[in-house]
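Listed below are the residues making up each chain.
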Amino acid sequence: MRVDDIEVEVHRKRIRHLYLRVGPPDGRLRVSAPLRIGDDSIRQAVAKRLPWVRRQQERQRQRERESARIFASGEHHFVEGIACVLNVTTHEGPPHIDLMGDSTLEMRVRPGTGRDERADLLAAWYRERLKTSIPRLIAAWEPFMGVSVKEWRIRKMSTRWGSCSVRNGRIWLSLELAKKPMRCLEYVVVHEMAHLIEPSHNRRFWGILDRYMPDWRARRDELNRFPIMEGKD
């Protein structure tokens, strides 16, 4: 079936609830629906989630474009919301990356360094930047919100910007946040810290965000629409 401009692949199963999944590699929307639910009800359920579906499809497209990069001079890579031009040079010393001004990434690698090694080097560089930014944000917000983050970690995430384990007082943050504006990283940190007060995405949770970060909606929208520039000049 089709809902608005989205093609929907429906699978009817002996289940109790309806589930939506945007799957790789093409971003196709797949719906698993109970046998008793009619087509109209499925269309209504999908229509309510269209903004979420489109965000997931855009992330799929971004991941496909990311995998096509070769990490060569002239490519654009975002750093804290700024599109920086990558400049790759070779030398015999240890590989490293420097941010020159606010618009050039200087990557120095050994001769013969392949695409995957360059990608890993940039990912490690992004991770180190987050390791500097995240503790400062947590330390600033803990006394303000009255919570304590016992542990935080960074990892690659394909479908979300962060997560929280309330039981352990631990928050996880996506490595991709290093590419986003700092105000977007701060929003995700506060969002996950708010789960230490209220675990669910219910009315109380959104009220907590309204109280501590009144502009969280604008930050969330910026986070979800901020582009990843591709190609060369």
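Above this text sits the structure in question.
What this report covers is the structure whose coordinates are included nearby.

What counts, and at which threshold
Residues numbered from 1 in each chain as written. Predicted model: local features only at pLDDT ≥ 70, side-chain atom pairs only at ≥ 80, totals over all residues. Heavy atoms only, no water. Pairing = 2+ DSSP bridges. Helix = DSSP H or I, 4+ residues; strand = E, 2+ residues; numbered from the N terminus. Axes fitted to C-alpha atoms, helices over the stretch in contact; angles between N-to-C directions. Contact = heavy atoms within 4.5 Å. Phe/Tyr/Trp six-rings, centres within 6.5 Å; stacked < 30°, edge-to-face > 60°. Buried < 20%, exposed > 50% of the residue type's maximum accessible area, 1.4 Å probe, protein only. Left-handed = near helix turned anticlockwise from the far one by under 90°. Nonpolar A, V, L, I, M, F, W, Y, C, P; charged D, E, K, R; others polar. Salt bridge = Lys/Arg side-chain N within 4 Å of Asp/Glu carboxyl O.

### Some words on the sheet that holds strand β7 (residues 96-100)
Note on sheets: strands pair through backbone hydrogen bonds, and any given pair is parallel or antiparallel.
Right, on to step 1. Spatially, the four strands line up as an open sheet ordered β5-β6-β8-β7, and their pairing is mixed. Two strands lie at the open edges of the sheet, namely β5 (76-79) and β7, each paired on one side alone. The sheet shows a mean angle of 35 degrees between the axes of neighbouring strands, taken without regard to direction.
Right, on to step 2. Sheet topology places β5 next to strand β6 (residues 82-90); four bridges connect them, and they run antiparallel. Bridge pairing in β6 links H77 to C84.
Right, on to step 3. Where helix α3 (residues 115-145) meets the sheet, it contacts β5, β6, β7 and β8 (104-109), and its direction lies at approximately 125 degrees from that of β8.

### Observations regarding the packing of aromatic side chains
Right, on to step 1. Applying the stated criterion across every chain, the model contains six aromatic pairs.
Right, on to step 2. Relative to W216, the ring of Y187 has its centre 6.4 Å away and its plane inclined at 10 degrees; by these criteria the two rings are stacked. With a gap of 29 residues between them, Y187 in helix α4 (residues 182-194) and W216 in helix α6 (residues 216-225) connect regions that are remote in the sequence. Pair check on accessibility: Y187 and W216 agree, each one buried.
Right, on to step 3. Linked through ring pairs, Y187, F205, W206 and W216 together constitute an aromatic cluster.

### Remarks on the packing of α4 against α6
Right, on to step 1. The contact between α4 and α6 brings their axes to 9 Å, and the two run at 115 degrees. As α4 runs across α6, the sense of the crossing is left-handed. In contact with R183, C184, E186, Y187 and V188 of α4, α6 contributes W216, A218, R219, R220, E222 and L223.
Right, on to step 2. Residues of the contact of α4 with α6, tallied by class, amount to six nonpolar, no polar and five charged.

### Observations concerning the pattern of salt bridges
Right, on to step 1. In the structure shown here, the tally under the stated rule is 21 salt bridges.
Right, on to step 2. Salt bridges sharing common partners tie together R2, E7, E9, R28 and R30.

### Digging into the sheet that holds strand β9 (residues 151-155)
Right, on to step 1. Judged by pairing direction, the sheet is mixed, and its three strands sit side by side in the order β9-β11-β10 without closing on themselves. The sheet is open, and its two borders are formed by β9 and β10 (162-165), each paired with just one other strand. Adjacent strand axes in the sheet meet at a mean angle of 15 degrees, parallel and antiparallel pairs treated alike.
Right, on to step 2. Alignment of β10 against strand β11 (residues 170-174), held across four bridges, turns out to be antiparallel. Each bridged residue has a counterpart across the sheet, and for G162 the counterpart in β11 is L173.
Right, on to step 3. Docked against the sheet, α3 engages β9 and β11, running at close to 150 degrees with respect to β9.
Right, on to step 4. Lying on the sheet, α4 is in contact with β10 and β11; it crosses β11 at an angle near 150 degrees.

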